[in-house]
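Residues per chain, in single letters:
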Amino acid sequence: MKVLVIGGGGREHAIVWKIAQSEKVDKIYCAPGNAGIEEYAECVDIGVMEFDRLTDFAERKGVDLTVVGPDDPLAAGIVDAFEAKGLRVFGPRAAAAQIEASKAFSKDLMEKYHIPTAAHKTFDKAADAMEYLKTARFPIVLKADGLALGKGVLICKDMQEAQAGVRTIMEDKKFGSAGNRMVIETFMTGREVSVLCFCDGTHILPMTSAQDHKRAGDGDTGLNTGGMGTFSPSPFYTDAIARFCEEHIYQPTMDAMKAEGRAFKGVLFVGLMLTEDGPMVLEYNARFGDPETQVVLPRMENDIIDVFEACIDGTLDQIRLKFADNAAVCVVLASEGYPESYEKGRPVQGLDTFKRKDGFYCFHAGSRKEGGQILTNGGRVFGVTALGKDLRSARENAYKATEWVRFDNKYMRHDIGKAIDEI
Ligand code: GLY
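How each quantity is defined
Residues numbered from 1 in each chain as written. Predicted model: local features only at pLDDT ≥ 70, side-chain atom pairs only at ≥ 80, totals over all residues. Heavy atoms only, no water. Core = buried A, V, L, I, M, F, W, Y, C linked by side-chain atoms within 4.5 Å. Buried < 20%, exposed > 50% of the residue type's maximum accessible area, 1.4 Å probe, protein only. Helix = DSSP H or I, 4+ residues; strand = E, 2+ residues; numbered from the N terminus. Near = heavy atom within 4 Å. Polar contact = N/O pair within 3.5 Å; in protein donor to acceptor, adjacent residues only side chain to side chain. Areas by Shrake-Rupley, 256 points an atom, 1.4 Å probe, with all protein chains shown as cover. Nonpolar A, V, L, I, M, F, W, Y, C, P; charged D, E, K, R; others polar. Phe/Tyr/Trp six-rings, centres within 6.5 Å; stacked < 30°, edge-to-face > 60°. Lys NZ or Arg CZ within 6 Å of the ring centre and 35° of its normal. Salt bridge = Lys/Arg side-chain N within 4 Å of Asp/Glu carboxyl O. 1 Å grid on protein atoms, 1.4 Å probe; cavity = no way out; pocket = protein on both sides within 12 Å on 5 of 7 lines; lining within 4 Å. Points joined across faces, edges and corners; volume = space filled by probe spheres on them. Pairing = 2+ DSSP bridges. Axes fitted to C-alpha atoms, helices over the stretch in contact; angles between N-to-C directions. Contact = heavy atoms within 4.5 Å. Parallel < 35°, antiparallel > 145°, perpendicular 65-115°, else oblique.

Trainee: Let's hear about the nonpolar core: which residues, and what values?
Mentor: Counting 76 residues, the largest nonpolar core has Tyr250 and Phe382 as its most contacted members. Sorting elements by how many residues they give to this core places helix 9 (residues 239-259) first, with eight residues.

Trainee: Quick one: what's the story with the site of the ligand, residue by residue and with numbers?
Mentor: In the vicinity of the ligand, the contacting residues are Asp212, Gly226, Phe269, Asn285, Arg287, Gly289, Asp290 and Glu292. Within the side chain of Asn285, an N or O atom sits 3.4 Å from an oxygen atom of the ligand. For the ligand, an oxygen atom lies 2.9 Å from a polar atom in the backbone of Asp290. A total of 200 Å² of accessible area belongs to the ligand in isolation, and the protein chains cover 91% of it. Residues belonging to the shell around the ligand are distributed by class as follows: one nonpolar, three polar and four charged.

Trainee: Account for the packing of aromatic side chains, with residues named and values stated.
Mentor: As enumerated under the stated definition, the model contains 13 aromatic pairs in all. Relative to Phe308, the ring of Phe90 lies with its centre 4.4 Å away and its plane at 45°, an arrangement referred to as tilted. Placement of the pair is Phe90 in strand 5 (residues 89-90) and Phe308 in helix 11 (residues 304-313), with a sequence separation of 218 residues. With respect to burial, Phe90 and Phe308 carry one shared label: buried. Lying across the ring of Phe236, Arg191 places its NZ or CZ 3.8 Å from the centre.

Trainee: Any details on the pattern of salt bridges? Residues and values, ideally.
Mentor: What the rule picks out here adds up to 30 salt bridges. For Arg368, the salt bridge is made with Glu370, and the minimal N-O distance between the two is 2.6 Å. With relative accessibility at 31%, the residue Arg368 sits in the partly exposed group. Taking the relative accessible area as the measure of exposure, Glu370 reaches 47% and is therefore partly exposed.

Trainee: Explain the layout of surface pockets residue by residue, including any values.
Mentor: What the second largest pocket holds in volume is close to 430 Å³. Lining the second largest pocket are 22 residues; nearest its centre among them are Glu39, Leu351, Phe354, Lys355 and Cys362. Secondary-structure elements contributing two or more residues to the lining of the second largest pocket are helix 1 (10-20) and strand 18 (360-364). With five residues, strand 18 is the single largest residue contributor to the lining of the second largest pocket. Its residues placed into classes, the lining of the second largest pocket shows ten nonpolar, five polar and seven charged.

Trainee: Can you tell me about the sheet that holds strand 7 (residues 140-144), naming the residues and giving the values?
Mentor: In space, the four strands of this open sheet follow the order 6-9-7-8, with antiparallel pairing throughout. Edge positions in the sheet fall to strand 6 (120-123) and strand 8 (153-156), since each of these pairs with one other strand and no more. Between one strand and the next, the sheet's axes are offset by a mean angle of 20°, whatever the strand orientation. Pairing of strand 7 with strand 9 (residues 182-186) involves five bridges; the strand directions are antiparallel.

Trainee: Help me get a handle on the side chain of Ser367, residues and values and all.
Mentor: Locating Ser367 in the fold gives a position in strand 19 (residues 367-370). Within polar-contact distance, the side chain of Ser367 engages the side chain of His364 at 2.8 Å. Contact partners of Ser367, with chain neighbours within four places excluded, come to Asn34, Ala35, Gly36, Ile374, Leu375, Asn377 and Phe382.

Trainee: Explain the packing of helix 5 (residues 94-101) against helix 6 (residues 103-112) to me, and be specific about the residues and the numbers.
Mentor: At a minimum axis distance of 6 Å, the contact between helix 5 and helix 6 shows a crossing angle of 90°. Relative to helix 6, the element helix 5 lies roughly perpendicular. Contacts from Gln98, Ile99, Glu100 and Ala101 of helix 5 reach helix 6 at Lys103, Phe105, Ser106 and Leu109. Counted by class, the contact of helix 5 with helix 6 contains four nonpolar, two polar and two charged residues.

So this is what it looks like as structure tokens:
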């Protein structure tokens, strides 16, 4: 079969790599792809929001299945566009992708269906949000309603910061139209866990757990980023917690979306906070996580095509997900200065080493090729992932592998997976 993957980051590299393991697949296209994805797929120069060109391409090439990576095209209805042309596609329709695209929608959904999460209020006007702050307890969390590259969340320690945050989101529009509305919610403390779940509209199958590191600097300091590294599984996500989440969060979310006429098919990313009062939902995303995917898929033993097909056909109850009894750690190699300003176009050396080593992967997040030379082309450049028999050996392997990759302004955190030393 022929498969088209939409996107061009580390997440899509991991998805393409996993699809390439399937014996059912003869040809993979990726739009737009990147320099690493080229190893497995023919990269096509079409942007992720160019729905007419993408559907024309899929029809012309006889693509059997399209898999959508990023949030923006999902929220804008790429799945609806493919389905309207009778094309098979993996991902939620726009109505279901609202679970990520509108924080107000997802918080109201959780409140209505009693899914555990922090208390919240939604505001359309900055003045009303400011008024509400007068009665608030601090710290408090401010969220731009719409999609903001994972950066539209502000944790404010006092009134002054919160007032500045409301201005940033709703008046200065730092996150663009994502800040036309905002949600203010109670601050929760605990350990964060990401659980990606396959969904077929009725059934939901959680994958193995992972933990992201969102801040730019060691010790969780500095600015929020798209994610600086991950490990899987999370040792803090115990069997008892998993059972609680299945009963009180995952299946209720599926049922709620169906009851609202927005049945969810695709990958639902549940961001959890393990609080003293039990697991609570921090956020939902309507897609694979990045860089969570880079530690979850290398541990998955199923043919991912079977799972995609079951999600589309509504037969996920016939699939048993299998994950290896091992661990994975991903360390993101970024360009110095990320997530603010950074230089691109630096030549990269050392990538061939990964081809000679089993259990080591260098997923490209922001790279391009010029005359046979790989150049950096983004803030997050690579996700260096390694497997190990347990989390400690996976971490040791991943950090060893970061040394193989060389470019001038290479930057990384040195404490990815440090939390595992606490157990
Ligand atoms: N790693 C967080 C996300 O994918 O949104």
